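The primary structure of each chain is shown beneath.
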Amino acid sequence: MLVLSVVLALFGALANAAASVLQRRAAATERVAPSGRRFSWLTHLLHRPVWMWGSAMLIFSGIFQAGALATGPLAVVQPVMATELLFTLVVGSVFFHRRPDARAWRAFLTMVTGLAVFLVLIDPSVGTTRVPVGRWLAAGAVLLTIVILLIVLATRLPSSPRATVLGAATSFGFSATAALMKDAVARLSDGLVALFTAWQTYAVGVVGLGSFLLLQMALRAGTLVASQPALTLGDSLMSLVLGAVLFDEQLRLGILVVPELGALALVGAGSLQLARTPEVSGDEQGEVW
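Everything numeric in this text was worked out from a predicted model, so none of it was measured.

1. Digging into the layout of surface pockets
No. 1: Taken as a whole, the largest pocket holds about 1,100 Å³ of empty space.
No. 2: What lines the largest pocket is a set of 42 residues, and nearest its centre among them are Asn16, Leu58, Ser61, Gln65 and Phe174.
No. 3: Secondary-structure elements contributing two or more residues to the lining of the largest pocket are helix 1 (2-29), helix 3 (49-71), helix 4 (74-81), helix 5 (84-95), helix 8 (159-185), helix 9 (192-197), helix 10 (199-221) and helix 11 (224-247).
No. 4: Examining the composition of the lining of the largest pocket, we find that nine residues originate from one element, helix 10, more than from any other.
No. 5: Among the residues making up the lining of the largest pocket, the classes are represented as 22 nonpolar, 17 polar and three charged.

Set out below in structure tokens:
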């Protein structure tokens, strides 16, 4: 089941990568309407076919992610979903008709190595599949407070730091969405009625939509280089925390924390370098937007 979970997570990451290439391309060329109304850019994006195709790919990604979460621990699925960047390199290369250079492949290998070593060292176990409401109330209150504080902080920062902070806020939203999805999918064992009457199912939509909007804000706030490492590392780390706190997933820590942090540093370094490549950033001329 763990192998199936990893495979489904990889398919989810591939669909996410396709969505990322399409939507980042559309967002990069969109301009705010002359009226200057807040969020007018989103209205324009909704009329762009490229952006809409990217949104459709997110649906497939969600289906694969739900299957992965149903068969494996949160602490495995979300870090594996970080391979979206690796797939973005491949998809972006096809989309922009560019062959990745040596720098891109070094970043690719750095991230793969870091992720593989981290998952082997942390060795998360399968915990429970359903979360008591009390745990959700406590964890949700803490996460919501952190995200609101990060958004408020972002409004006071210049472009690049703002993108980083919004990227971190987005990552917490994505990890919370995944945790809610895992809890919701567990209701399927009681039938479709149980799934569609569970509050977690609708919370996935609300939190997921909010996280999606935060992502668009992060992409517009600054370069992909500024936001991507915070997105990648924040999602992975918060998923480990939520997996342990909500689902009782056991992690190997102790003295292994040092090499585990080293492996995460490789993931962060790889994601930073990948974000600089034109295939991932979406700029055919090689400039990161």
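We are not done yet, so read on.
2. As for the packing of aromatic side chains
No. 1: Taken as a whole, this structure holds three aromatic pairs when the rule is applied.
No. 2: Ring geometry for Trp105 versus Phe108: centroids 5.4 Å apart, planes at 65°, classification edge-to-face. Of this pair, Trp105 and Phe108 both sit in helix 6 (residues 102-122), three residues apart, roughly one helical turn.
No. 3: With relative accessibility at 41%, the residue Trp105 sits in the partly exposed group.

3. Some details on helix 6
The α-helix advances 3.6 residues per turn, and as a result positions three or four apart in sequence lie on the same side.
No. 1: Along its 21 residues, helix 6 runs 30 Å from first to last C-alpha, staying within 8% of the 30 Å computed at 1.5 Å per residue.
No. 2: Looking at helix 6, one finds that the buried residues are Ala104, Ala107, Phe108, Met111, Gly114, Leu115, Phe118, Leu121 and Ile122.
No. 3: Note on helix 6: the residue one or two positions beyond its end, Asp123, has a positive phi of about 45°.

Definitions and limits used
Residues numbered from 1 in each chain as written. Predicted model: local features only at pLDDT ≥ 70, side-chain atom pairs only at ≥ 80, totals over all residues. Heavy atoms only, no water. 1 Å grid on protein atoms, 1.4 Å probe; cavity = no way out; pocket = protein on both sides within 12 Å on 5 of 7 lines; lining within 4 Å. Points joined across faces, edges and corners; volume = space filled by probe spheres on them. Helix = DSSP H or I, 4+ residues; strand = E, 2+ residues; numbered from the N terminus. Nonpolar A, V, L, I, M, F, W, Y, C, P; charged D, E, K, R; others polar. Phe/Tyr/Trp six-rings, centres within 6.5 Å; stacked < 30°, edge-to-face > 60°. Buried < 20%, exposed > 50% of the residue type's maximum accessible area, 1.4 Å probe, protein only. Expected span 1.5 Å × (residues − 1).

So far we have only geometry, and geometry alone does not tell us how the molecule works.
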